[in-house]
Amino acid sequence: MSVLVGYDGSGAAGDAVRFAAEEARLRGLPLQVLTAWDAPTVDLGMGSGSVVDPHLAQAVEQRAAQVAAEGAGLAGLDAVTPTAVTGPAAAALVEASRSADLVVVGSHGRHGMADLLLGGVSRQVAAHAACPVIVVRRPAPQFERVVVGIDGSPQAHRALDFAFEQASRRCWALRVVHAWDVAVIGFDADTSTYPQGGILDDVRDAETRLGSEVLAGHVERYPDVEVEFAVSRGGAAKVLLDASRDADLLVTGSRGRGGFSALLLGSVSHKVIHHAQCNVAVVP
(Lines give C-alpha, C1' and ligand atoms only; values in the text may rest on other atoms or scores of the structure.)
Protein backbone atom coordinates (compact mmCIF):
# COMPACT_ATOMS: atom_id res chain seq x y z
CA MET A 1 0.00 0.00 0.00
CA SER A 2 1.04 3.60 -0.59
CA VAL A 3 -0.21 7.16 -0.72
CA LEU A 4 -0.84 8.10 -4.34
CA VAL A 5 -0.78 11.66 -5.66
CA GLY A 6 -1.39 13.01 -9.14
CA TYR A 7 1.09 15.58 -10.46
CA ASP A 8 0.95 17.54 -13.73
CA GLY A 9 3.38 20.37 -13.01
CA SER A 10 0.71 22.88 -11.93
CA GLY A 11 0.83 24.85 -8.69
CA ALA A 12 -2.26 23.09 -7.35
CA ALA A 13 -0.63 19.72 -8.06
CA GLY A 14 2.50 20.85 -6.22
CA ASP A 15 0.37 21.66 -3.17
CA ALA A 16 -1.18 18.20 -3.48
CA VAL A 17 2.27 16.55 -3.52
CA ARG A 18 3.38 18.35 -0.37
CA PHE A 19 0.13 17.45 1.38
CA ALA A 20 0.44 13.83 0.24
CA ALA A 21 4.01 13.67 1.50
CA GLU A 22 2.84 14.64 4.98
CA GLU A 23 0.08 12.00 4.78
CA ALA A 24 2.61 9.37 3.76
CA ARG A 25 4.88 10.32 6.65
CA LEU A 26 2.04 10.16 9.17
CA ARG A 27 0.85 6.79 7.85
CA GLY A 28 4.34 5.31 7.56
CA LEU A 29 3.75 4.52 3.88
CA PRO A 30 5.72 5.18 0.68
CA LEU A 31 4.55 7.90 -1.68
CA GLN A 32 3.85 7.37 -5.37
CA VAL A 33 3.79 10.43 -7.64
CA LEU A 34 1.88 9.69 -10.83
CA THR A 35 2.00 11.71 -14.05
CA ALA A 36 -0.19 10.71 -17.01
CA TRP A 37 0.50 11.52 -20.64
CA ASP A 38 -1.38 11.00 -23.89
CA ALA A 39 0.31 9.58 -26.98
CA PRO A 40 0.42 12.38 -29.59
CA THR A 41 -1.09 11.62 -33.00
CA VAL A 42 -0.59 13.01 -36.50
CA ASP A 43 -3.63 13.70 -38.70
CA LEU A 44 -3.07 12.16 -42.16
CA GLY A 45 -5.80 14.17 -43.80
CA MET A 46 -9.43 13.82 -44.77
CA GLY A 47 -10.62 10.23 -44.56
CA SER A 48 -7.22 8.88 -43.58
CA GLY A 49 -7.56 9.14 -39.81
CA SER A 50 -4.58 9.69 -37.54
CA VAL A 51 -1.62 7.68 -36.31
CA VAL A 52 0.75 7.88 -33.36
CA ASP A 53 4.03 9.60 -34.15
CA PRO A 54 6.61 7.33 -32.43
CA HIS A 55 9.32 10.00 -32.27
CA LEU A 56 6.98 12.59 -30.78
CA ALA A 57 5.53 10.01 -28.42
CA GLN A 58 8.99 9.19 -27.14
CA ALA A 59 9.68 12.87 -26.49
CA VAL A 60 6.37 13.30 -24.64
CA GLU A 61 7.01 10.17 -22.58
CA GLN A 62 10.44 11.46 -21.58
CA ARG A 63 8.96 14.82 -20.60
CA ALA A 64 6.26 13.10 -18.53
CA ALA A 65 8.95 11.15 -16.68
CA GLN A 66 10.75 14.42 -15.97
CA VAL A 67 7.54 15.99 -14.63
CA ALA A 68 6.94 12.99 -12.37
CA ALA A 69 10.51 13.23 -11.08
CA GLU A 70 10.03 16.96 -10.41
CA GLY A 71 6.92 16.14 -8.42
CA ALA A 72 8.78 13.50 -6.43
CA GLY A 73 11.42 16.10 -5.63
CA LEU A 74 8.78 18.34 -4.05
CA ALA A 75 7.88 15.62 -1.57
CA GLY A 76 11.14 15.73 0.34
CA LEU A 77 10.88 12.03 1.22
CA ASP A 78 13.22 9.07 0.74
CA ALA A 79 10.42 6.57 0.07
CA VAL A 80 8.93 8.19 -3.02
CA THR A 81 8.47 6.73 -6.50
CA PRO A 82 7.80 8.85 -9.61
CA THR A 83 5.69 7.09 -12.25
CA ALA A 84 4.70 8.21 -15.74
CA VAL A 85 1.88 6.30 -17.43
CA THR A 86 0.08 6.71 -20.72
CA GLY A 87 -3.64 7.47 -20.85
CA PRO A 88 -6.13 9.90 -19.29
CA ALA A 89 -5.04 11.12 -15.86
CA ALA A 90 -8.33 10.33 -14.11
CA ALA A 91 -8.40 6.76 -15.43
CA ALA A 92 -4.76 6.23 -14.43
CA LEU A 93 -5.35 7.47 -10.88
CA VAL A 94 -8.52 5.42 -10.47
CA GLU A 95 -6.74 2.28 -11.65
CA ALA A 96 -3.78 2.92 -9.34
CA SER A 97 -6.15 3.58 -6.42
CA ARG A 98 -6.88 -0.16 -6.26
CA SER A 99 -3.54 -0.70 -4.55
CA ALA A 100 -3.38 2.61 -2.64
CA ASP A 101 -4.35 3.56 0.90
CA LEU A 102 -5.19 7.13 -0.09
CA VAL A 103 -5.30 9.24 -3.27
CA VAL A 104 -4.49 12.95 -3.15
CA VAL A 105 -5.32 15.36 -5.98
CA GLY A 106 -5.26 19.11 -6.47
CA SER A 107 -8.50 21.06 -6.76
CA HIS A 108 -7.65 21.78 -10.39
CA GLY A 109 -4.79 21.12 -12.78
CA ARG A 110 -3.11 22.97 -15.61
CA HIS A 111 -6.47 23.57 -17.28
CA GLY A 112 -8.27 24.62 -14.10
CA MET A 113 -10.69 27.57 -14.03
CA ALA A 114 -9.99 28.81 -10.49
CA ASP A 115 -12.02 27.38 -7.62
CA LEU A 116 -15.47 27.97 -9.10
CA LEU A 117 -15.33 24.62 -10.86
CA LEU A 118 -13.57 21.53 -9.63
CA GLY A 119 -11.11 20.15 -12.13
CA GLY A 120 -12.42 17.30 -14.26
CA VAL A 121 -9.70 14.93 -13.07
CA SER A 122 -10.34 15.63 -9.39
CA ARG A 123 -14.08 15.18 -9.79
CA GLN A 124 -13.75 11.88 -11.65
CA VAL A 125 -11.20 10.47 -9.22
CA ALA A 126 -13.34 11.40 -6.22
CA ALA A 127 -16.31 9.67 -7.84
CA HIS A 128 -14.62 6.44 -8.92
CA ALA A 129 -11.54 5.73 -6.76
CA ALA A 130 -11.38 2.49 -4.81
CA CYS A 131 -9.98 4.21 -1.70
CA PRO A 132 -10.50 7.57 0.05
CA VAL A 133 -9.59 10.67 -1.96
CA ILE A 134 -8.47 14.02 -0.56
CA VAL A 135 -8.95 17.08 -2.77
CA VAL A 136 -6.43 19.70 -1.66
CA ARG A 137 -7.58 23.30 -1.69
CA ARG A 138 -5.49 24.70 1.16
CA PRO A 139 -2.29 22.77 1.94
CA ALA A 140 -1.30 24.58 5.15
CA PRO A 141 -3.56 24.02 8.20
CA GLN A 142 -5.14 27.06 9.85
CA PHE A 143 -7.65 25.71 12.37
CA GLU A 144 -6.39 22.17 13.15
CA ARG A 145 -9.92 20.83 12.94
CA VAL A 146 -11.57 17.99 11.00
CA VAL A 147 -15.29 18.12 10.21
CA VAL A 148 -17.32 15.07 9.23
CA GLY A 149 -20.97 14.70 8.32
CA ILE A 150 -23.00 11.66 9.44
CA ASP A 151 -26.45 10.54 8.28
CA GLY A 152 -26.70 6.90 9.30
CA SER A 153 -25.60 5.47 5.94
CA PRO A 154 -22.78 2.89 5.60
CA GLN A 155 -20.71 5.46 3.69
CA ALA A 156 -21.13 7.94 6.55
CA HIS A 157 -19.93 5.34 9.06
CA ARG A 158 -16.78 4.81 6.97
CA ALA A 159 -16.35 8.58 6.70
CA LEU A 160 -16.59 8.82 10.49
CA ASP A 161 -13.88 6.16 10.88
CA PHE A 162 -11.66 8.06 8.45
CA ALA A 163 -12.28 11.39 10.22
CA PHE A 164 -11.36 9.98 13.64
CA GLU A 165 -8.19 8.45 12.19
CA GLN A 166 -7.19 11.75 10.57
CA ALA A 167 -7.86 13.75 13.74
CA SER A 168 -5.89 11.25 15.83
CA ARG A 169 -2.89 11.18 13.46
CA ARG A 170 -2.66 14.94 13.26
CA CYS A 171 -3.66 15.70 16.88
CA TRP A 172 -6.53 17.85 15.62
CA ALA A 173 -9.99 18.43 17.06
CA LEU A 174 -12.99 16.75 15.43
CA ARG A 175 -16.42 18.25 14.83
CA VAL A 176 -19.14 15.76 13.93
CA VAL A 177 -22.19 17.35 12.31
CA HIS A 178 -25.58 15.90 11.55
CA ALA A 179 -28.23 17.74 9.54
CA TRP A 180 -31.93 17.05 9.96
CA ASP A 181 -35.18 18.56 8.80
CA VAL A 182 -38.92 17.94 8.81
CA ALA A 183 -40.55 17.42 5.44
CA VAL A 184 -43.44 19.81 4.95
CA ILE A 185 -45.99 19.58 2.14
CA GLY A 186 -47.94 22.56 0.86
CA PHE A 187 -46.19 25.41 2.67
CA ASP A 188 -42.86 26.60 3.93
CA ALA A 189 -42.15 26.01 7.59
CA ASP A 190 -39.73 27.62 9.96
CA THR A 191 -39.23 27.16 13.68
CA SER A 192 -42.21 29.43 14.43
CA THR A 193 -44.64 27.20 12.52
CA TYR A 194 -44.72 24.52 15.23
CA PRO A 195 -45.27 25.11 18.95
CA GLN A 196 -42.43 24.57 21.37
CA GLY A 197 -42.35 20.97 22.50
CA GLY A 198 -43.87 19.85 19.21
CA ILE A 199 -42.55 17.77 16.31
CA LEU A 200 -39.43 19.87 15.76
CA ASP A 201 -38.21 19.36 19.30
CA ASP A 202 -39.07 15.66 19.14
CA VAL A 203 -37.17 15.13 15.90
CA ARG A 204 -34.16 17.16 17.06
CA ASP A 205 -33.96 15.23 20.32
CA ALA A 206 -34.27 11.87 18.54
CA GLU A 207 -31.58 12.78 16.00
CA THR A 208 -29.28 13.94 18.80
CA ARG A 209 -29.71 10.64 20.68
CA LEU A 210 -29.04 8.59 17.56
CA GLY A 211 -25.93 10.63 16.74
CA SER A 212 -24.60 10.22 20.27
CA GLU A 213 -25.08 6.46 20.03
CA VAL A 214 -23.14 6.35 16.76
CA LEU A 215 -20.29 8.31 18.32
CA ALA A 216 -20.03 6.31 21.54
CA GLY A 217 -17.81 3.52 20.22
CA HIS A 218 -15.53 5.89 18.34
CA VAL A 219 -14.98 8.09 21.38
CA GLU A 220 -13.90 5.03 23.34
CA ARG A 221 -11.45 3.94 20.62
CA TYR A 222 -9.96 7.42 20.19
CA PRO A 223 -9.71 8.95 23.69
CA ASP A 224 -7.03 11.32 22.39
CA VAL A 225 -9.43 13.10 20.02
CA GLU A 226 -11.32 16.16 21.23
CA VAL A 227 -14.85 15.68 19.84
CA GLU A 228 -17.68 18.16 19.35
CA PHE A 229 -21.09 16.94 18.15
CA ALA A 230 -23.46 19.40 16.48
CA VAL A 231 -27.00 18.73 15.30
CA SER A 232 -28.34 21.36 12.91
CA ARG A 233 -31.64 21.77 11.13
CA GLY A 234 -31.21 22.32 7.39
CA GLY A 235 -29.93 20.75 4.22
CA ALA A 236 -26.88 18.52 4.64
CA ALA A 237 -24.79 20.28 1.98
CA LYS A 238 -25.39 23.74 3.47
CA VAL A 239 -24.63 22.55 7.00
CA LEU A 240 -21.36 20.96 5.88
CA LEU A 241 -20.32 23.94 3.77
CA ASP A 242 -20.95 26.29 6.70
CA ALA A 243 -18.82 24.01 8.90
CA SER A 244 -15.96 24.09 6.36
CA ARG A 245 -15.33 27.78 7.06
CA ASP A 246 -13.24 27.07 10.16
CA ALA A 247 -11.93 23.59 9.34
CA ASP A 248 -8.86 22.21 7.57
CA LEU A 249 -10.44 18.98 6.36
CA LEU A 250 -14.07 18.17 5.61
CA VAL A 251 -14.87 14.45 5.37
CA THR A 252 -17.93 13.10 3.59
CA GLY A 253 -19.11 9.76 2.28
CA SER A 254 -19.28 9.37 -1.47
CA ARG A 255 -23.04 8.93 -1.15
CA GLY A 256 -25.52 9.20 1.69
CA ARG A 257 -28.87 7.62 2.37
CA GLY A 258 -30.17 8.87 -0.96
CA GLY A 259 -27.33 7.32 -2.99
CA PHE A 260 -28.31 5.02 -5.84
CA SER A 261 -25.16 4.10 -7.72
CA ALA A 262 -21.43 3.70 -7.20
CA LEU A 263 -20.93 5.38 -10.58
CA LEU A 264 -21.79 8.89 -9.37
CA LEU A 265 -21.02 11.07 -6.39
CA GLY A 266 -24.02 11.79 -4.21
CA SER A 267 -25.51 15.27 -4.48
CA VAL A 268 -24.17 16.33 -1.06
CA SER A 269 -20.59 15.19 -1.73
CA HIS A 270 -20.74 16.72 -5.21
CA LYS A 271 -21.65 20.14 -3.78
CA VAL A 272 -19.13 19.85 -0.98
CA ILE A 273 -16.12 19.12 -3.17
CA HIS A 274 -17.07 22.02 -5.45
CA HIS A 275 -17.71 24.68 -2.81
CA ALA A 276 -16.03 23.76 0.49
CA GLN A 277 -13.59 26.30 1.88
CA CYS A 278 -11.08 23.68 3.02
CA ASN A 279 -9.63 20.37 1.88
CA VAL A 280 -12.21 17.67 1.25
CA ALA A 281 -11.95 13.91 1.80
CA VAL A 282 -14.41 11.68 -0.06
CA VAL A 283 -14.69 8.17 1.44
CA PRO A 284 -16.22 5.41 -0.71
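Residues numbered from 1 in each chain as written. Predicted model: local features only at pLDDT ≥ 70, side-chain atom pairs only at ≥ 80, totals over all residues. Heavy atoms only, no water.

S.K.: Before we go on, may I ask you to explain the pairing of strand E8 (residues 145-149) in this structure?
M.R.: Strand residues, when the strand is regular, have side chains that alternate between the two faces of the sheet. Along E8, 5 of the 5 residues are buried, which leaves the element largely enclosed by surrounding structure. The two faces of E8 match: Arg145, Val147 and Gly149 on one face and Val146 and Val148 on the other face are all buried. Sheet topology note: the E8/strand E11 (residues 249-253) ladder contains 3 bridges and is parallel. Paired with Val148 across the bridge in E11 is Val251. (Buried < 20%, exposed > 50% of the residue type's maximum accessible area, 1.4 Å probe, protein only. Helix = DSSP H or I, 4+ residues; strand = E, 2+ residues; numbered from the N terminus. Pairing = 2+ DSSP bridges.)

S.K.: How should I be thinking about the nonpolar core in this particular structure?
M.R.: Considering soluble globular proteins, one finds that nonpolar side chains tend to be buried as a cluster. Counting 39 residues, the largest nonpolar core has Leu31, Val104, Leu174 and Val251 as the members making the most contacts within it. Among the elements that line this core, the one with the most residues is helix H1 (residues 11-27), at 7 residues. Core analysis: the second largest hydrophobic core is formed by 32 residues, Leu34, Ala90, Val147 and Ala179 among them. (Core = buried A, V, L, I, M, F, W, Y, C linked by side-chain atoms within 4.5 Å.)

S.K.: Before we go on, may I ask you to explain the pattern of salt bridges in this structure?
M.R.: Side chains that differ in sign of charge can pair as their charged atoms come close. Counted by the stated rule, this structure contains 14 salt bridges. Note that Arg98 is salt-bridged to Glu95, the shortest N-O span being 3.2 Å. With a shortest N-O distance of 2.9 Å, Asp242 and Lys238 are connected by a salt bridge. In this pair, Asp242 and Lys238 are both assigned in helix H7 (residues 236-243), 4 residues apart and thus about one turn of the helix distant. Owing to a relative accessible area of 56%, Lys238 belongs among the exposed residues under this scheme. Each of the salt bridges in this network shares a partner with another, and the network as a whole consists of Glu23, Arg27, Asp101 and Arg170. (Salt bridge = Lys/Arg side-chain N within 4 Å of Asp/Glu carboxyl O.)

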